[in-house]
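Chain by chain, the residues run as shown.
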Amino acid sequence: MRYFIALDFTQPDREKFHSLARTLKTHAKKARIVEEAHVHLTLAFLGELDSGAVKKAEAIVKNTEEEPFTLEFDTVSYFDPGKSGRIFWIGPDQHPVLDRLHEKLTDALLNQGFSLDERPFTPHVTLARGVRISPESSSDFEDAFETFDVPARSISLMASSFKEGKLIYTCVASRKLDAQTP
Ligand code: 2AM
């Protein structure tokens, strides 16, 4: 079982990302789009954890206070891992509360001995993996993209596993973004 901490969105907001993913699929030769229920923004990827580490991660999520905020998603881009096809994502404009939330979680996780990805944080919501698309179709998709706002309301510790070849995400612990602005 692999674990990660995610920023969650409401179902109607996840649908906005999913709708974009479906549009991308119509432009692509191939694309495995992210299920609507799986749409999230990863704040920290923790990998395989033993039960003690899961308890620590749960406590970190439950004790991380932050105010609710709204992200403006204004970037469409992709990672290109090579042979397996592109990973298309939508990214938000820089937001001080998102940066602070990421920093609080990172500090707490490192203090508790978790090892984290050392690459710079690139906040993004993955739309589709294994994307094969022509440069023209990719430009068409990028050009048609319109900026949209999405409120962030909670963070969750998620467990990820495969059952009969199907990806399953299970929420282990959640914390509402409910701190008052100082
Ligand atoms: P993503 O954020 O680019 O979509 C569960 O696997 C989540 O953790 C996914 O959202 C995934 O990618 C993210 N993630 C971040 N680093 C990862 C890694 N090294 N291996 C697998 N997933 C990772």
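Look up a bit, the structure's there.
Residues numbered from 1 in each chain as written. Predicted model: local features only at pLDDT ≥ 70, side-chain atom pairs only at ≥ 80, totals over all residues. Heavy atoms only, no water.

(A) Up close: the environment of Ile33. Relative to the helices and strands, Ile33 is located in strand S2 (residues 30-33). Overall, Ile33 belongs to the partly exposed group, its relative accessible area being 26%. Sequence separation between Ile33 and Ala128 is 95 residues; the distance between their C-alpha atoms is 4.0 Å. Leave out the neighbours within four places in its chain, and Ile33 touches His18, Ala21, Arg22, Lys25, Leu127 and Ala128. (Helix = DSSP H or I, 4+ residues; strand = E, 2+ residues; numbered from the N terminus. Buried < 20%, exposed > 50% of the residue type's maximum accessible area, 1.4 Å probe, protein only. Contact = heavy atoms within 4.5 Å.)

(B) Seen up close, a negative patch on the surface. Where like charges cluster on the molecular surface, the negative patch consists of Glu72, Asp74, Asp93 and Asp149. By the element assignment, Asp149 lies in strand S7 (residues 148-152). (Patch = residues over 30% accessible without salt bridge, like charges linked within 9 Å, V, L, I, M, F, W, Y side chains within 5 Å. Areas by Shrake-Rupley, 256 points an atom, 1.4 Å probe, with all protein chains shown as cover. Salt bridge = Lys/Arg side-chain N within 4 Å of Asp/Glu carboxyl O. Lys, Arg positive; Asp, Glu negative; His and termini not counted. Charge placed at Lys NZ, Arg CZ, Asp CG, Glu CD.)

(C) Molecular detail of the sheet that holds strand S9 (residues 166-176). Spatially, four strands are ordered S3-S1-S8-S9 in an open sheet, and the strand pairing comes out antiparallel. Unpaired on one side and paired on the other, strand S3 (41-48) and S9 mark the two borders of the sheet. Neighbour-to-neighbour, the strand axes of the sheet open up by a mean angle of 25 degrees, direction not taken into account. Taken together, the ten bridges between strand S8 (residues 154-163) and S9 define a ladder with antiparallel strand orientation. Within the sheet, the bridge partner assigned to Ser156 lies in S9 and is Ser174. (Pairing = 2+ DSSP bridges. Axes fitted to C-alpha atoms, helices over the stretch in contact; angles between N-to-C directions.)

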